[in-house]
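Secondary and tertiary structure notes
Spelled out, the chains give:
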Amino acid sequence: MSDISDLKASVLEQAHEKGRLLLAEATEKIEQEAKEREAQLVRQKLGQREQQLKEISRRSQREIQQLENQKRQSTLVIKQRVLRELFEEAYAQMVTWSQAEEEHFLKSVLVKYPEEELTLVFGALSAEKFSSSQLEDLKKAFPQVHFSDQSIAGQAGFVLSQGRVDDSYLYRDLLDSVWQEESYRLAQDIFKDQAE
């Protein structure tokens, strides 16, 4: 009976040993899978974090760009307002020119039309600066120019007409023309020190 007991003990021992080996293998396999899952989760979390950081970076870049655009826009508005004020000041100065300054400007324009028959219509604000004797002197100096008895209400300067073609020297028109042609260049010149 001892052989049977020994055999039984041996079989039980082998079974226990096999069970321990299977348990060890299963435990090792489970631990390995757990480590792999943990590593996968870490990679996933790192990938998600990287995506979130990229999204935050893109969003902040967009917001920075929007702020830069708003800054440029408000700077442009301020510059345009300053330029418009400068043009308004220039207009106010031209409107308040003395009779001598008005006459000087008028003569500097009329000499550019030495041969042409012209009709000159003053703006009312300029016309009131000339006396009848001063107008007579102008008519003698520029016989090719017909000085109209009419005037343009609320305007300073004058309009020269040759047939159907009018050349406006009304101060508002002159300044508006300069504004359209030169405002960008003037803004650059006036505000270039801001960029430096």
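Thresholds applied
- Residues numbered from 1 in each chain as written.
- Predicted model: local features only at pLDDT ≥ 70, side-chain atom pairs only at ≥ 80, totals over all residues.
- Heavy atoms only, no water.
- Phe/Tyr/Trp six-rings, centres within 6.5 Å; stacked < 30°, edge-to-face > 60°.
- Helix = DSSP H or I, 4+ residues; strand = E, 2+ residues; numbered from the N terminus.
- Lys NZ or Arg CZ within 6 Å of the ring centre and 35° of its normal.
- Pairing = 2+ DSSP bridges.
- Axes fitted to C-alpha atoms, helices over the stretch in contact; angles between N-to-C directions.
- Contact = heavy atoms within 4.5 Å.
- Core = buried A, V, L, I, M, F, W, Y, C linked by side-chain atoms within 4.5 Å.
- Buried < 20%, exposed > 50% of the residue type's maximum accessible area, 1.4 Å probe, protein only.
- pLDDT = per-residue confidence, 0-100.
- Patch = residues over 30% accessible without salt bridge, like charges linked within 9 Å, V, L, I, M, F, W, Y side chains within 5 Å.
- Areas by Shrake-Rupley, 256 points an atom, 1.4 Å probe, with all protein chains shown as cover.
- Salt bridge = Lys/Arg side-chain N within 4 Å of Asp/Glu carboxyl O.
- Expected span 1.5 Å × (residues − 1).
- Arc of directions from axis to C-beta.

The next subject is the packing of aromatic side chains. Counted according to the given criterion, the structure contains nine aromatic pairs. Here the aromatic rings of W97 and Y171 are separated by 5.2 Å at their centres, their planes lie at 65 degrees, and the arrangement is edge-to-face. A residue pair is termed long-range when its members are at least 10 positions apart, and W97 in the loop between helix 1 (2-95) and helix 2 (99-110) and Y171 in helix 5 (residues 171-195) qualify at 74 residues. Grouping aromatic residues by their ring pairs yields a cluster made of W97, F105, F158, Y169 and Y171. If you follow R84 out to its NZ or CZ, it ends over the ring of W179, 4.1 Å from the centre.

A separate point is the sheet that holds strand 3 (residues 158-162). On the basis of which strands lie adjacent, the open sheet formed by four strands has the order 2-1-3-4 and mixed pairing. Taken across any chain shown, the strands that pair with only one partner, and hence form the sheet edges, are strand 2 (145-152) and strand 4 (165-168). Pairs of neighbouring strands in the sheet enclose a mean axial angle of 25 degrees, with direction left out of account. Here helix 2 sits on the sheet and contacts strand 1 (118-123), strand 2 and strand 3; the angle it forms with strand 3, its principal contact strand, is near 20 degrees.

A few words on the nonpolar core. Within the largest apolar cluster, 25 residues are counted, with the highest numbers of intra-cluster contacts made by L106, L110, L120, F147, F158 and L160. Elements supplying a minimum of two residues to this core: helix 1, helix 2, strand 1, strand 2, strand 3 and helix 5. Element by element, the count of residues in this core is highest for helix 1, at five residues. In this view, L106 contacts L120, F122, L138, F147 and F158; residues no more than four positions away in its chain are not counted.

With 93% of its residues at a pLDDT of 70 or more, the protein chain has an overall mean of 85. Mean pLDDT in the protein chain bottoms out at helix 5, which sits at 73, and peaks at helix 3 (residues 124-127), which reaches 94.

On the surface, a cluster of nonpolar side chains totalling about 220 Å² of accessible area is made up of I78, V82 and L86. For L86, the location among the structural elements is in helix 1. Take L86: its relative accessible area is 39%, and that puts it in the partly exposed class.

The subject of this paragraph is helix 2. Given a rise of 1.5 Å per residue, twelve residues ought to cover 16 Å, and the 16 Å separating the end C-alpha atoms of helix 2 matches this to within 8%. Every buried residue belonging to helix 2 is among Q99, E102, E103, F105, L106, V109 and L110, and all of these are buried. The buried residues of helix 2 occupy an angular sector of 165 degrees when projected down its axis, which confines them to one face.

Quick look at the environment of L125 now. Looking at the secondary structure, you find L125 in helix 3. Look at L125 and you get partly exposed, because its relative accessible area is 27%. L125 sits 81 residues away from Q44 along the chain, and the two C-alpha atoms are 80 Å apart.

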